[in-house]
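# Chain and residue survey
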Amino acid sequence: MKFRGKKAISIILIFIVIIFLAGYIYYIKFYNRPSKIPQYTKTSANSAMTRETIVPGEKLIFETLYKGNGDLTREEQKIGASLYGKSKEDIGKIYSDWSIKEFSNDRIVLYREENGFPPDYYIISSSDGYVSLFKSDGNGGTSLVEKTDILVNNLNPNDKERILNNIVVKDIDEAYSILANLSS
């Protein structure tokens, strides 16, 4: 009888450890990773009153979320002398195409969303019925890099669907590798 009780306790302890590990892995996988969705911070009235203008040594950060692939680009620079002494409202007027995400003692973060893809991304798509390679300009536009002699209608249904939905890559070598696979 004692042996059976110890066995039951051992099974219960193992079960509890398994549940704990599963919960920990779930937390790591879904809650403990950086998000591509920008997080906005709420500024209290007190912080706005204690800090009204820009001072030397701060960072000006531009964040752009590209809706085409969900990438968030971030460009940092030191604040130039022309912005010293400017208020949050002044910055809002100067950078009217941007929203002020953060205005604090050590940095100003400006944010915007753009259609399309970040600059220098490559898009394999269709142009006049042919597979073509385009390069993103970062402002929602593209420029033609190369128009191949591969007819979209001659591709297998899977590749045809991929081309019609655009294949987006960061690297020109990867783009040419995909084009080579499509031509074979």
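Values in this document were obtained by computation on a predicted structure and should not be read as measured data. (Residues numbered from 1 in each chain as written. Predicted model: local features only at pLDDT ≥ 70, side-chain atom pairs only at ≥ 80, totals over all residues. Heavy atoms only, no water.)

## Regarding the overall build of the protein
- Helix and strand counts for the protein come out as five helices and eight strands.
- Buried positions account for 29% of the 184 residues belonging to the protein.
- Restricting to contacts in the protein with at least 6 residues of sequence separation, those with at least 24 account for 52%.
- Accessible surface computed for the protein: about 12800 Å², of which carbon and sulfur atoms make up 55%. (Helix = DSSP H or I, 4+ residues; strand = E, 2+ residues; numbered from the N terminus. Buried < 20%, exposed > 50% of the residue type's maximum accessible area, 1.4 Å probe, protein only. Contact = heavy atoms within 4.5 Å. Areas by Shrake-Rupley, 256 points an atom, 1.4 Å probe, with all protein chains shown as cover.)

## Description of the packing of aromatic side chains
- One pass over the structure, following the stated rule, counts two aromatic pairs.
- Judged by centre distance (5.5 Å) and plane angle (65°), the ring pair of Phe62 and Tyr95 falls under edge-to-face. With Phe62 in strand S1 (residues 59-66) and Tyr95 in the loop between helix H3 (88-94) and strand S3 (99-103), this residue pair connects regions lying 33 residues apart in the sequence.
- Taking the centre distance of 5.0 Å and the plane angle of 65° together, the rings of Phe62 and Trp98 count as edge-to-face. Here Trp98 lies in the loop between H3 and S3 and Phe62 lies in strand S1, a separation of 36 residues in the sequence. In terms of burial, Phe62 and Trp98 fall into one category: buried. (Phe/Tyr/Trp six-rings, centres within 6.5 Å; stacked < 30°, edge-to-face > 60°.)

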